[in-house]
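Residues per chain, in single letters:
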Amino acid sequence: LEVVGRGCRVLTQAALADRRYHKAYVSALEHGHIRPSMAALAFLAGRLGLSPTTLLGDDERERSWSRLEADVLLASGEWQRAADGYRGLLDGGLDGAPRAESLVGLAEALYRLDRGREAITIAAEAARRFEEAGRWADAALATYWQAAGLYHAEASAEARVLLEDLERRIREGLVVAPDFEPRVLVLLAMVESRDDRPEPALGYLESARVRLAELDDRRRATFLFSLAITYRELGDLEAAIRAGTESLAVFRAAEARFESASLENELALVHLGLGNLERARSHVAAAAATFDAIGDRRW
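All values reported here derive from a predicted model rather than from experimental measurement.

A word on the packing of aromatic side chains
Next up, step 1: In total, this model carries four aromatic pairs according to the counting rule given.
Next up, step 2: A centroid spacing of 5.6 Å and a plane angle of 55 degrees characterise the contact between Tyr 111 and Trp 145, whose relative ring orientation is tilted. Of the two residues, Tyr 111 is situated in helix α6 (residues 96–112) and Trp 145 in helix α8 (residues 136–152); the sequence distance between them amounts to 34 residues. The same class applies to Tyr 111 and to Trp 145, which are both buried.
Next up, step 3: Within the aromatic cluster, the residues linked to one another by ring pairs are Tyr 111, Tyr 144, Trp 145 and Phe 180.
Next up, step 4: Lying over the aromatic face of Tyr 144, Arg 183 brings its terminal NZ or CZ to 4.9 Å of the ring centre.
Next up, step 5: The ring centre of Tyr 151 lies 4.0 Å from the NZ or CZ of Arg 194, which sits over that ring.

See below:
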């Protein structure tokens, strides 16, 4: 590691690896044969008494770290910090594919912050750039967030057109990610539900359910949660409770504390709708306790 003289600790490879990694792993990192995960980078930097970005060296690798950091913040639900990270990257003059990738991340973060209107043009630019590069799967993901922004802005007709086109392309063989088609179907159901069209909405939800079996536990639980919300919006409270309870069990098994607390909150609303105040109080108390424990003041 070319960091001697920067105030770091001087350790052998074995000492640096400690009991968490193997000496051969550190050697491979030193010679550039593999790339470290964020967790590995943070651990090794801590052992050396350095910040993670110091280990990355030149500007390009530092930019890669910033992008990785923003991606991890987004995946972990730190949406405002993720949005700030993507904006910082974009303000740095990114172009081409790196710009499109950061635009997609920013669009998702804004949507999850209930700022879907802002996400529309950002996601549309990302989709256009990906299409120009022939990256059709990435373009489809950007289009999904554009449609989500349109849904948030109550532009149902425009959102429906984009989502139906995505569903058609998936049927024709477009491969994006294992969880992509259920996401499209659930968002289509939400659009139909908002327009008071319960029959097609329920049809989309049932199609999404069929595809859930193909997903890993965390993704399956996420979509069961989405199904529970949409069932509640359609007025089918019993189905909402079934899907929600199943999702909660899967989330707990996966130790997903944030999503578990979110679902406790959703189940409280469902039981409130059914007039069961005791159950509603129980669920919302559990949600509040978990959000407090993980320090999520907004939720």
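Considering the side chain of Glu 167
Next up, step 1: Considering the arrangement of structural elements, one finds Glu 167 in helix α9 (residues 156–171).
Next up, step 2: By relative accessible area, Glu 167 is classed as buried at 9%.
Next up, step 3: Once residues lying within four places of it in the same chain are set aside, the contact partners of Glu 167 are Glu 181, Val 184 and Leu 185.

Thoughts on unusual backbone geometry
Next up, step 1: The phi angle at Asp 114 is positive, at roughly 65 degrees, despite the residue not being glycine.
Next up, step 2: Residue placement: Asp 114 occurs in the loop between α6 and α7 (116–132).
Next up, step 3: Of note in this structure, Glu 154 is not a glycine but carries a positive phi near 65 degrees.
Next up, step 4: Within the secondary structure, Glu 154 is located in the loop between α8 and α9.

About the cut-offs
Residues numbered from 1 in each chain as written. Predicted model: local features only at pLDDT ≥ 70, side-chain atom pairs only at ≥ 80, totals over all residues. Heavy atoms only, no water. Phe/Tyr/Trp six-rings, centres within 6.5 Å; stacked < 30°, edge-to-face > 60°. Helix = DSSP H or I, 4+ residues; strand = E, 2+ residues; numbered from the N terminus. Buried < 20%, exposed > 50% of the residue type's maximum accessible area, 1.4 Å probe, protein only. Lys NZ or Arg CZ within 6 Å of the ring centre and 35° of its normal. Contact = heavy atoms within 4.5 Å.

Purely spatial values, then, with no claim about function.
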